[in-house]
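Structure assessment
Residues per chain are reported as follows:
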Amino acid sequence: MDIEQKQAEMIDHFMKQASSLKGSAITPLVLEATSNPSLFAFSEILAVPSVTELEGTENATLLDTLRLFAHGTWSDYKGNMARLPQLVPDQILKLKQLTVLTLAESNKVLPYDQLMQELDVTNVRELEDFLINECMYSGIVRGKLDQLRRCFEVQFAAGRDLRPGQLGNMLHTLSDWLTTSDNLLVSIQEKIKWADTMSEADKKHQKDVEDRVEEVKKTLSLKVS
Amino acid sequence: MASSSSSGLTFKLHPLVMVNISDHYTRVKSQMNPPGGDSAAVKAPAPPPRVYGCVIGVQRGRTVEIFNSFELLYDSATDSLDRAFLLKKQELYKKVFPNFYVLGWYSTGSDAEESDMHIHKALMDINESPVYVLLNPAINHAQKDLPVTIYESEMHVIDGIPQLIFVNSSYTIETVEAERISVDHVAHLKPSDGGSAATQLAAHLTSIHSAIKMLNSRIRVLHHYLVAMQKGEIPYENSLLRQVSSLLRRLPAIESEKFQDDFLMEYSDTLLITYLAMFTNCSSTMNELVEKFNTAYDRHSRRGGRTAFI
């Protein structure tokens, strides 16, 4: 949540700049936005009309780069290196961070091997350094590194920009969550009722036993006397 | 009389103050009813008494933090508070809490009244802008938030005459750890003798139930919001959507093999212990029964002509 606050100012800044510029003037802006160390959200910039106009023009690669940063990963970039412009080291770093975020989307436990493959890192030390310095200290990810089992357990990962279909998935997840908690509430109530009924039955049983003991005592005392 | 405040002060109220005020009110109210009650006399419902007192705390810059309160006697004849007592109490509190100042006063009732302004003005020589904390003792189950309102006095021009009127101010609740523990304790109200196992279980389950219910209602709000966004009624707000997606990714909260193993192990441990305890109980009851049987049908006493058993 704090990441969103940190980014909010920058997003506003870039949006204002983007709406005033047009055409190829946007190139340095895109470069700046994608290399900025604290900016991870690009869908607002993508929504600015002067940026969407770039579709189909000779600067369409700019739009593609922005889209790559919004939704794609490092492997996407490697696959499409021919079409997309060369990235500067800052952008490469940013893209790798975003890749980690995407990976965290699917699993909570990320094995080192998968991470090393996705990020093009060869040894564990480098991977851990990258995770600690770039991802955890910048606050986009929170989690625990398990070196013995060679995996990274993610507790919290900042959100990336939404793909168009993701909203449906999110709604689905939310409604599932709601149904589960509703069912849980119902079963808790039943358990409470069960506990109450059981204690009632127990008290009744105790009372019955005591009554019978009293009865027998009376009959015995009558017999004796 | 009350509009919204414009002074820009932020108020922080401690729960101790509210507990003190309600305690004062309850005591006075219960002492008013004649103890034992006269069944012959018609108990006319007396108007709820108004209690008065002083609130003390700290004012740092624009933040006013109300820590504690004490009671004051209200003299309805002269329509003023007991001055000497107030000063004495203030001195005593100063010795214990040197930082605390008299920040204002409190009373109970449903709404601020004209007569309150007199008391307010009287206090203005101790603190140039006192606060007035009003507690509404009527219990309203439908109301979700606290029946406490904080009023400040402001100079407004009404009908050409500058007058002091009360204006409503918002406040937040601030707790120290000790206060939080005591409020939590009161809120749960476990049966004092520990109750039977069933009542403890029911109390525990009830607290879990209310916690999950709150979570449920908040998620429902999110759900409605997203549905509306999808239908297009609300424009897309990307930052919020990102936060929601990161939240949803935290589910399922725990789902690893190790958790299952540990959980099932603890579950079977608990069941085993319950089983063992039950066994012990059963065998001791059985032992008692056998003893009683032996005593009743002992071979030495052939009173009933019964044959001996072992």
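Notes on the structure in this doc start here. Predicted model only: the values in this text are computed from it and were never measured.

**Digging into the overall build of chain A**
When its secondary structure is counted, chain A shows 10 helices and three strands. When its helices and strands are written in sequence order, chain A yields α-α-α-α-α-α-α-β-α-α-β-β-α. Put simply, chain A has 225 residues, and 40% of those count as buried.

**A look at helix H3 (residues 114-123) of chain B**
Within H3 of chain B, burial applies to Asp116, Met117, Ile119, His120 and Leu123 of chain B. Projection of H3 of chain B onto a plane perpendicular to its axis shows the buried side chains occupying an angular sector of 165°, all on one side.

**Things to note about the pairing of strand E7 (residues 131-135) of chain B**
Residue and element names in this part refer to chain B. A large share of E7 lies buried, amounting to five of its five residues. A two-sided burial pattern is seen for E7, the buried positions comprising Val131, Val133 and Leu135 on one face and Tyr132 and Leu134 on the other. With H3 bridging strand E6 (residues 101-108) and the parallel E7, this β-α-β connection has right-handed handedness. Alignment of E7 against strand E8 (residues 148-158), held across five bridges, turns out to be antiparallel. Pairing of Leu135 across the sheet is with Val148, part of E8.

**Let's talk about the interface of chain B and chain A**
On the chain A side, the residues contacting the 33 residues of chain B number 39 residues. Of all residues in chain B, the largest losses of buried area upon contact with chain A belong to His209, Arg242 and Arg249 of chain B, amounting jointly to 22% of the total for that side. When the shortest N-O distance is used, the salt bridge between Arg220 of chain B and Asp182 of chain A registers 3.3 Å. For the pair chain B and chain A, the number of links is two residue pairs in polar contact (both at pLDDT 80 or more). In terms of residue count, helix H5 (residues 197-231) of chain B provides more of the side of chain B that touches chain A than any other element does, 17 residues in total. Of the residues belonging to the side of chain B that touches chain A, the class tally is 17 nonpolar, 10 polar and six charged.

**Brief notes about the packing of helix H10 (residues 166-224) of chain A against helix H6 (residues 238-248) of chain B**
One can describe the packing of H10 of chain A onto H6 of chain B by two numbers: an axis separation of 11 Å at closest approach and a directional angle of 50°. What the angle tells us is that H10 of chain A and H6 of chain B run oblique. Between H10 of chain A and H6 of chain B lies a crossing whose hand is left-handed. In this structure, H10 of chain A contributes Leu167, Met170, Thr173, Leu174 and Trp177 of chain A to the contact, and H6 of chain B contributes Leu241, Val244, Ser245 and Leu248 of chain B. Its residues assigned to classes, the contact of H10 of chain A with H6 of chain B shows seven nonpolar, two polar and no charged.

**So, the pairing of strand E3 (residues 63-72) of chain B**
All names here are of chain B. Extensive coverage of E3 is indicated by the burial of eight of its 10 residues. Judged from the four bridges that link them, strand E1 (residues 10-13) and E3 form a sheet pairing that is parallel. Residue pairing in the sheet places Thr10 in a bridge with Thr63 of E3. As defined by bridge partners, strand E2 (residues 52-60) adjoins E3 across nine bridges and the pair is classed as antiparallel.

Criteria and cut-off values
Counting of residues starts from 1 at the beginning of each chain's written sequence and follows it residue by residue. For this description, chains carry letters from A and ligands carry numbers from 1, given in the order in which they are written. Since the coordinates come from a predicted model, pLDDT governs what is reported: local features require at least 70, and pairs of side-chain atoms require 80 or more to be given and counted, while whole-chain, interface and lining totals use all residues. Hydrogens and water molecules were not included; the side-chain quantities draw on all heavy atoms of the structure. Runs of H or I in DSSP of at least four residues are treated as helices and runs of E of at least two as strands, each being numbered from the N terminus. Burial classes: relative accessible area under 20% of the type maximum marks a residue as buried, over 50% as exposed, and values in between as partly exposed (1.4 Å probe, protein chains only). Arc definition: it is the arc formed by the directions from the helix axis to the C-beta atoms. With the strands pointing away from the viewer, any crossover whose connection runs clockwise from the first strand over the helix to the second is right-handed. Two strands are said to pair when DSSP picks up at least two bridges between them. Here, residues are in contact when the closest pair of their heavy atoms is within 4.5 Å. Buried area, as used here, totals the accessible surface that two parts lose on assembly, with accessibility defined by a 1.4 Å probe and the loss added over both. Here a salt bridge means any side-chain nitrogen of Lys or Arg lying within 4 Å of a carboxyl oxygen belonging to Asp or Glu. Within 3.5 Å is the distance limit for a polar contact, defined as a pair of N or O atoms, with the added protein rule that one can donate a hydrogen and the other accept it, and that residues adjacent in sequence qualify only through two side-chain atoms. When residue character is reported, Ala, Val, Leu, Ile, Met, Phe, Trp, Tyr, Cys and Pro are called nonpolar, Asp, Glu, Lys and Arg charged, and the others, Gly included, polar. Axis geometry follows a simple rule: fit a line to the C-alpha atoms, using only the stretch in contact for helices, then measure angles between N-to-C directions, giving values from 0 to 180 degrees. Note that the term roughly parallel is reserved for angles under 35 degrees, roughly antiparallel for angles over 145, roughly perpendicular for angles of 65 to 115, and oblique for everything else. The sense of a crossing depends on the near helix, which, turned anticlockwise from the far helix by less than a right angle, makes the crossing left-handed and, turned clockwise, makes it right-handed.

It is worth stressing that arrangement in space is one thing and function is another; only the former is reported here.
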